[in-house]
Amino acid sequence: MMKSVGFIGWRGMVGSVLLNRMREENDFLKIIPHFFSTSQLGQDGPIINNKVFKNLKDAYNLNLLEEMDIIITCQGGSYTDTVYSKLRKNNWKGYWIDAASSLRMKNDSIIVLDPINLKSIKTALDDGIKTFVGSNCTVSLMLMALGGLFSNKLVEWISVSTYQAASGAGAQYVIELLKQMGALYNVVSKDLSSNVYSILDIIKKVTKKIQDDKFPLKYFSVPLAGSLIPWIDIDMGTGQSREEWKGQFETNKILGSKNQVIIDGTCVRISSIRCHSQSILIKLNKNISLKNMEEIIVNHNKWVHFIPNNIEDTIFKLTPSAVTGTLKIPVGRLRKLSMGDKYFSAFTVGDQLLWGAAEPLRRMLSLLINI
């Protein structure tokens, strides 16, 4: 019997990517979908298999939500905080799949990334766990890239610098970045169309515009175009951001590690539109050859692609522009470092809206509808 699945937050970036992937994989043929809205109830919903889903349902109506076998939400943490506990208190026994971080560290939830922790997910289902949450985007992308090292228990610690796209912050942030880019271009467009110009004058004009009080700063608060922001999320009170804190805690929960793998670093917002990149320093707990490390990484899952450590392959295959919109997880710049035989560097890129967000949720849904 097909299960009734309620979708909330399907209009946003993650939700839209989720629906597109489900269309591509014909997932909607296996469920009875119901579409909810927090603000547009009664209006038309998405078009699925040439059918318009009319009369969006109220996403705050607990009676309607309780009719669902599965609820999958990309609406955000505030919605989860408002609705989830009320449903559970009403003795709703359905499965909850969530993209938000609110429930990740709860004891009765499982962070899902099945190429990494399928065994743990299946054990949780056998144990009656009903709440499944997607992980932080950079955590998912790092684990997909280096899953072979973790499964072989080779990692002693990792230091990572992330370079995270504007879309990781949300749709309005992408729009603001584009407005910032447009404002910078407009101030020098005449100079650029001229055959005679001074690059120093152009830089001066751009810098002045960036520092202008009228520069678009509603969401980022500071310029991102022509700049970067070396802080993401709230301060944990230790000088570490919450985004940086997630790296160790979420990774170890996904892995179910008895011996905690130490992971720390610096998270940076850059002016890429889509895809997160990560520069990773790895200390292994034993000495292995570079070739062996390549094989361990590539053989872990079918989405990892090894990029040879040379200029041409790196600049054409190891960038956000090369990866956007794909499920590929390229790993490159792999080499042993001069500080010792157990130290390696790696660089990886992944689409944070796919493996970093929507795809683990879609695959969890697929597991549930086949139960």
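Quick caveat: nothing in here was measured; it's all calculated off a predicted structure. (Residues numbered from 1 in each chain as written. Predicted model: local features only at pLDDT ≥ 70, side-chain atom pairs only at ≥ 80, totals over all residues. Heavy atoms only, no water.)

Another point: the domain arrangement of the chain. According to the domain assignment, the chain consists of domain 1 (3-135 + 358-369), domain 2 (139-165 + 230-351) and domain 3 (171-228). The C-alpha-based centres of domain 1 and domain 3 are spaced at 39 Å. (Domains from an automatic or database assignment.)

Strand order across the open sheet formed by six strands is β11-β10-β12-β15-β14-β13, with mixed pairing between neighbours. The open sheet has two edge strands with one neighbour each: β11 (262-269) and β13 (304-306). The average angle at which neighbouring strand axes cross in this sheet is 20 degrees, direction not considered. When strand β10 (residues 155-164) meets β11, the two strands line up parallel, connected through eight bridges. (Pairing = 2+ DSSP bridges. Helix = DSSP H or I, 4+ residues; strand = E, 2+ residues; numbered from the N terminus. Axes fitted to C-alpha atoms, helices over the stretch in contact; angles between N-to-C directions.)

With that out of the way, let us pick up helix α3 (residues 77-89). Because an α-helix completes one turn every 3.6 residues, residues spaced three or four positions apart along the sequence face the same direction. With 13 residues, α3 should cover 18 Å at 1.5 Å per step; its first-to-last C-alpha distance of 18 Å lies within 8% of that length. The axis of α3 is deflected most strongly, by about 25 degrees, at Val83. Turning to α3, its buried residues number three or more, namely Tyr79, Thr80, Val83, Tyr84 and Leu87. Asn91 occupies a position one or two residues after α3 and carries a positive phi of about 70 degrees. (Expected span 1.5 Å × (residues − 1). Bend = angle between axes of the 7 residues up to and from the residue. Buried < 20%, exposed > 50% of the residue type's maximum accessible area, 1.4 Å probe, protein only.)

Turning to empty space enclosed by the protein, a few remarks are in order. A water-sized probe, rolled over the atoms, reveals where empty space remains. Scanning the entire structure with this criterion turns up one cavity of 30 Å³ or more. Taken together, 14 residues form the lining of the largest cavity, with Thr138, Val160, Thr162, Glu243 and Gly247 sitting closest to its centre. Broken down by secondary-structure element, the contributors of at least two residues to the lining of the largest cavity are α5 (137-151), β10, α8 (242-255) and β11. Broken down by element, the lining of the largest cavity gets its largest block of residues, five residues, from β11. Broken down by class, the residue content of the lining of the largest cavity amounts to five nonpolar, six polar and three charged. (1 Å grid on protein atoms, 1.4 Å probe; cavity = no way out; pocket = protein on both sides within 12 Å on 5 of 7 lines; lining within 4 Å. Points joined across faces, edges and corners; volume = space filled by probe spheres on them. Nonpolar A, V, L, I, M, F, W, Y, C, P; charged D, E, K, R; others polar.)

Quick look at the UniProt feature "binding site: NADP(+)" (unreviewed entry) in the chain now. In the numbering used here, UniProt assigns the "binding site: NADP(+)" (unreviewed entry) feature to Arg11, Gly12, Met13, Val14, Gln75, Ser167, Gly168 and Gln352. Those annotated residues that line the largest pocket are Arg11, Gly12, Met13, Val14, Gln75, Ser167, Gly168 and Gln352. Checked against the element boundaries, Gly12 lands in the loop between β1 (3-8) and α1 (13-24). Classification of Gly12 as partly exposed rests on a relative accessible area of 34%. Summarising the element assignment, Met13 is placed in helix α1. (UniProt positions renumbered as here; feature names shortened; annotations may be inferred.)

Let us now look at the sheet that holds strand β6 (residues 70-73). Here seven strands make up an open sheet; going across it, the order is β5-β2-β1-β6-β7-β9-β8 and the pairing parallel. The outermost strands of the open sheet, each flanked by one partner alone, are β5 (57-58) and β8 (109-112). Bridge analysis of β1 against β6 gives four bridges, and the strand direction is parallel. Bridged to Ile8 within β6 is Thr73. Contacts from α3 reach β1, β6, β7 (95-98) and β9 (131-134), with the element oriented near 170 degrees to β7. (Contact = heavy atoms within 4.5 Å.)

Moving on, we come to the packing of aromatic side chains. Per the counting criterion, the structure on display carries 15 aromatic pairs. Taking 6.4 Å as the distance between ring centres and 80 degrees as the angle between the ring planes, the aromatic pair formed by Trp92 and Trp96 counts as edge-to-face. One exposure class covers both Trp92 and Trp96, and it is buried. When the ring of Trp157 is compared with that of Tyr343, the centres are 6.0 Å apart and the planes differ by 65 degrees; the resulting orientation is edge-to-face. Taken together, the positions of Trp157 in strand β10 and Tyr343 in strand β15 (residues 343-350) put the pair 186 residues apart, joining distant regions of the chain. Its relative accessible area of 24% is what places Trp157 among the partly exposed residues. Members of the aromatic cluster, each reached through a chain of ring pairs, are Phe7, Trp10, Phe28, Phe35 and Phe53. Its guanidinium or amino end placed over the ring of Phe53, Lys51 lies 4.7 Å from that ring's centre, counting from NZ or CZ. Residue placement shows Lys130 over the ring face of Tyr95; its charged tip is 4.3 Å from the ring centre. (Phe/Tyr/Trp six-rings, centres within 6.5 Å; stacked < 30°, edge-to-face > 60°. Lys NZ or Arg CZ within 6 Å of the ring centre and 35° of its normal.)

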